[in-house]
Amino acid sequence: MRYAQSVADLVGRTPLVRLNRVTDGIAATVLAKVEYFNPGGSAKDRIARTIIDEAERSGALQPGGTIVEPTSGNTGVGLALIALQRGYRMIFVVPDKFAGDKVDVLRAYGAEVVETATSVPPEHPGSYYSVSDRLVREIPGAFKPNQFANQNGPRGHYESTGPEIWDDTDGRVTHLVAGIGTGGTITGTGRYLRDISDGTVRVIGVEPVGSIYSGGPAHGYDVEGVGEDFWPETFDPTVVDAYERVSDAESFAMTRRLAREEGLLVGGSSGMAVVGALRVARTLPADAVMIVVLPDHGRAYVRKIFDDGWMTDRGYEVEPAASLLPAGFD
Ligand code: PMP
């Protein structure tokens, strides 16, 4: 019989799939690493597992302990599915602007969710950061994974994502392209691929216009999970050889194309990464093998990126609807 001992054992070993249509006119092989095959639907399951394993080993997390993290999205889901296997309580602190589907998913996994005011500065006692710090201080046995500083995040990618890519390409990978949020994915995966290839694999980081990593001024943007207005400790910029900056409009247009042309229903940061990847791939010879990481599933975005009304309200273009219905139906 072949079966996993628990859902935690299903994390990782995600597949590579060739992009066939959006790569029209490109000679290089462009392969997507589809992280929505993780049991929580995103790459964050990997860091959740490594962070919890290490916290148990170091004693920071004891049996019956409580995990407290400010997160509204994929990291919370990853932590929740590992935590519930192992009997920990979970409290996630989320800014109230994120109330909705993502928070409901955390509650569905049995987590407690504390909503905090979005419109107060970080030092305010009611802020996202202050509330989570106070919960950690006041709850006995509380452990805060701290995904923007915890080095076991990048380590999780060094030990899993990197080796999987090397093995699945028989060592023929030449380029890695990934979006940068906490920087864990690109730091861990990029470092592994550079180490094992003696520095020949090129690492390209992609970020939204409005994020600071490649030197631009910080301002708001709509794509979720990537870009920052500060430098997290989990991002090592020395692994990045080059950056690509992508607008929300380009990211969302590509996200929609990935669904319709490749059958890959993924989130906006995946579209963003593919735009950056294709810009570089266009300049590469036929023997190049590029991996682009697609971090999460698109289902959480069906009322946003995949909704024509949401898109046009925000000033994004949508492709004209092609209808197969005979005249008279709509
Ligand atoms: N895309 C999405 C949807 C994410 O949630 C994240 C994680 N913040 C990323 C991309 C970026 O990954 P990383 O934090 O490893 O840089």
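Owing to the predicted nature of the structure, the values given are computational and were not obtained by experimental measurement.

Procedures and definitions
Just so you know, the residues in each chain are numbered from 1, in the order the chain's sequence is written. Given that the model is predicted, a residue must reach a pLDDT of at least 70 before its local features are reported, and side-chain atom pairs must reach 80 or more before they are shown or counted; all residues, however, enter totals for whole chains, interfaces and linings. Secondary structure elements follow DSSP: runs of H or I no shorter than four residues count as helices, runs of E no shorter than two count as strands, and numbering proceeds from the N terminus. Exposure classification rests on a simple neighbour count of other C-beta atoms within 10 Å of a residue's own: a residue reaching 20 or more is buried, one at 12 or fewer is exposed, and one in between is partly exposed. C-beta atoms are placed from the backbone. Note on contacts: each residue gets a C-beta atom placed from the backbone, and two residues are in contact if those atoms are within 7 Å. Here, any two strands with at least 2 DSSP bridges between them count as paired. To obtain an axis, a line is fitted to C-alpha atoms, over the contacting stretch when the element is a helix, and the angle between two such axes runs from 0 to 180 degrees between their N-to-C directions. Known as pLDDT, the predictor's confidence for each residue is given on a scale from 0 to 100. Each nonpolar core reported here comprises buried Ala, Val, Leu, Ile, Met, Phe, Trp, Tyr and Cys residues connected via C-beta atoms within 7 Å. What counts as a domain boundary in this text is fixed by an automatic or database domain assignment. Polar here means any residue outside two lists: the nonpolar Ala, Val, Leu, Ile, Met, Phe, Trp, Tyr, Cys and Pro, and the charged Asp, Glu, Lys and Arg; Gly therefore counts as polar. With its strands directed away from the observer, a crossover is right-handed exactly when the path from the first strand over the helix to the second travels clockwise. Helix crossings are classified by the rotation of the near helix relative to the far one: an anticlockwise turn of less than a right angle makes the crossing left-handed, while a clockwise turn makes it right-handed.

Visitor: Sorry if this is basic, but what is going on with the overall build of the chain here?
Guide: In terms of regular secondary structure, the chain is built from ten helices and ten strands. Projected onto its principal axes, the C-alpha positions of the chain cover 60 × 55 × 50 Å. Out of the 330 residues in the chain, the part that is buried amounts to 47%. The contacts of the chain with a sequence gap of at least 6 include a subset with a gap of at least 24, amounting to 70%.

Visitor: Explain the sheet that holds strand 1 (residues 16–18) here, please?
Guide: For sheets, the rule is that strands pair by backbone hydrogen bonds, running either parallel or antiparallel. Taken in spatial order, the six strands make up an open sheet running 1-2-10-7-8-9, and their pairing is mixed. Each having just a single partner strand, strand 1 and strand 9 (242–246) make up the two edges of the open sheet. Neighbouring strand axes in the sheet, compared pairwise and without regard to direction, differ in orientation by 25° on average. Across three bridges, the pairing between strand 7 (residues 175–179) and strand 10 (residues 289–294) is parallel.

Visitor: Just checking my understanding: could you explain the sheet that holds strand 3 (residues 66–70) for this structure?
Guide: Strand order in the open sheet formed by four strands is 5-4-3-6, and the pairing between neighbours is parallel. Among the strands making up the open sheet, the edge pair consists of strand 5 (112–116) and strand 6 (142–143). As judged from the five bridges shared by strand 4 (residues 89–95) and strand 5, these two strands associate in the parallel manner. Bridge pairing in strand 5 links Val93 to Val114. Along the sheet, helix 4 (residues 128–138) contacts strand 3, strand 4, strand 5 and strand 6; its crossing angle with strand 3, the most-contacted strand, is approximately 165°.

Visitor: Where do I start with the confidence of the model for the chain in this structure?
Guide: Detailed reading of the predicted coordinates is not advisable wherever pLDDT is low. With 99% of its residues at a pLDDT of at least 70, the chain reaches an overall mean of 95. Confidence estimates for the predicted assembly give a pTM of 0.96 and an ipTM of 0.99.

Visitor: I'm lost on the nonpolar core in this one. Help?
Guide: One recurring pattern in soluble globular proteins is that nonpolar side chains are buried together. Residues Val177, Ala273, Val274, Ala277, Met290, Ile291 and Val292 are the most contacted members of the largest nonpolar core, which totals 48 residues. For this core, the secondary structure elements donating two or more residues are strand 2 (29–34), helix 6 (161–168), strand 7, helix 7 (184–196), strand 8 (202–208), helix 8 (248–262), helix 9 (268–281) and strand 10. Counting residues per element, this core draws most heavily on helix 9, at eight residues. For Ala277, the contacting residues outside a window of four places in its chain are Val30, Val177, Met290 and Val292. Ranked by size, the runner-up nonpolar core spans 26 residues in total, among them Val68, Leu81, Val105 and Val131.

Visitor: How should I be thinking about the domain arrangement of the chain in this particular structure?
Guide: Taken domain by domain, the chain comprises domain 1 (7–42 + 151–301) and domain 2 (63–140). Facing nine residues of domain 1, the contacting portion of domain 2 comprises nine residues. Residue composition of the side of domain 1 that touches domain 2, by class: four nonpolar, four polar and one charged.

Visitor: Explain unusual backbone geometry to me, please; I cannot follow it from the model alone.
Guide: The backbone of Asn146 shows a phi angle near 55°, a positive value even though the residue is not glycine. You can see Asn146 is positioned in the loop between strand 6 and helix 5 (152–159). Of note in this structure, Asp170 is not a glycine but carries a positive phi near 50°. Mapping Asp170 onto the fold places it in the loop between helix 6 and strand 7. The exposure class assigned to Asp170 is exposed, which follows from the 8 C-beta atoms found within 10 Å.

Visitor: How should the pairing of strand 4 be read in this particular structure?
Guide: Each regular strand shows side chains that alternate between the opposite faces of the sheet. Summarising burial for strand 4: five of the seven residues are buried, a large majority. Tracing the backbone out of strand 3, into helix 2 (residues 74–86) and back to the parallel element strand 4 gives a crossover that is right-handed.

Visitor: Any chance you could explain the environment of Gln151 here in plain terms?
Guide: Structurally, the position occupied by Gln151 is in the loop between strand 6 and helix 5. For Gln151, a count of 17 C-beta atoms within 10 Å corresponds to the partly exposed category.

Visitor: How should I be thinking about the packing of helix 1 (residues 44–58) against helix 5 in this particular structure?
Guide: Relative placement of two packed helices is described by the angle separating their axes and the distance separating the axes. Interhelical geometry of helix 1 versus helix 5 gives an angle of 115° and a closest axis separation of 8 Å. The two elements helix 1 and helix 5 meet at a crossing, and its hand is right-handed. Across the interface between the two elements, Arg46, Ile47, Arg49, Thr50, Ile51 and Glu54 from helix 1 touch Asn152, Gly153, Arg155, Gly156 and His157 from helix 5. When grouped by side-chain class, the residues that make up the contact of helix 1 with helix 5 number two nonpolar, five polar and four charged.

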